Amino acid sequence: MENQYLEMAELEMDEVIENFENNLKTIRTGRASASMLDRVRVDYYGEMTPINQMAKISVLEGTQLVVKPYDRSMVKGINHAISAANLGVTPQAEADCIRINVPPLTTDRRKELAKEAKKYADQAQVNLRNIRRDANDKIKKDKEISEDIQKEWLDDCQKLTDKYVKKVDTLADAKEKDLLG
């Protein structure tokens, strides 16, 4: 008998890991990276649009980002959105682009960012456990499966959750090492 509950749980857990990885990418590590701006949205003709869909983002010498909008009239809007995003950087608008100098991180700022990464990890783990709980509830409510199979599936669900929680821990530790190391 195939365990469709576990398959659905695994797909949902994959989404949690992908979301967690995307959140970690937005935490800067002292080097300029285009992914720093992934969460920044700009009001583009009434639609909140990611910067990378409306501008070319390039990295210069590892310490500066240059955002060059495809529509020059959006320079001011993009500049404002980056300022409002609280990224710890100050954008400087020019005629047709925005320059962002990425200063080296202070020790205190590194610790703050490590805490933020930990917060994302904790949230991802809570999401994983919620998925496990939902899958367990569905397995327990399914009257078509025997008690033995039910117990086996519940054990499999726990093992799957442990595997994904370990993956979150590994990613969080790597990011913390990158920030503090």
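The coordinates are above.
For the structure given in this document, a descriptive report is provided here. Predicted model, so just to flag it, every value in this text is computed and none were measured.

Quick look at the layout of surface pockets now. For the largest pocket, the calculated volume is near 240 Å³. In this structure, the largest pocket is lined by Thr26, Ile27, Arg28, Met36, Arg39, Val40, Ala85, Asn86, Leu87, Arg109, Leu113 and Glu116. Partitioning the lining of the largest pocket into residue classes produces 6 nonpolar, 2 polar and 4 charged.

One can describe the packing of helix α1 (residues 4-25) onto helix α3 (residues 107-141) by two numbers: an axis separation of 10 Å at closest approach and a directional angle of 170°. By the angle class used here, α1 and α3 are roughly antiparallel. Packed against α1, whose contacting residues are Tyr5, Ala9, Glu12, Met13, Val16, Phe20, Asn23 and Leu24, the element α3 presents Ala117, Tyr120, Ala121, Ala124, Asn127, Leu128, Ile131, Arg132, Ala135, Lys138 and Ile139 at the interface. Grouping the constituent residues of the contact of α1 with α3 by class yields 14 nonpolar, 2 polar and 3 charged.

Rules of the game
- Residues numbered from 1 in each chain as written.
- Predicted model: local features only at pLDDT ≥ 70, side-chain atom pairs only at ≥ 80, totals over all residues.
- Heavy atoms only, no water.
- 1 Å grid on protein atoms, 1.4 Å probe; cavity = no way out; pocket = protein on both sides within 12 Å on 5 of 7 lines; lining within 4 Å.
- Points joined across faces, edges and corners; volume = space filled by probe spheres on them.
- Nonpolar A, V, L, I, M, F, W, Y, C, P; charged D, E, K, R; others polar.
- Axes fitted to C-alpha atoms, helices over the stretch in contact; angles between N-to-C directions.
- Helix = DSSP H or I, 4+ residues; strand = E, 2+ residues; numbered from the N terminus.
- Parallel < 35°, antiparallel > 145°, perpendicular 65-115°, else oblique.
- Contact = heavy atoms within 4.5 Å.

Don't take any of this as a statement about function, it's just geometry.
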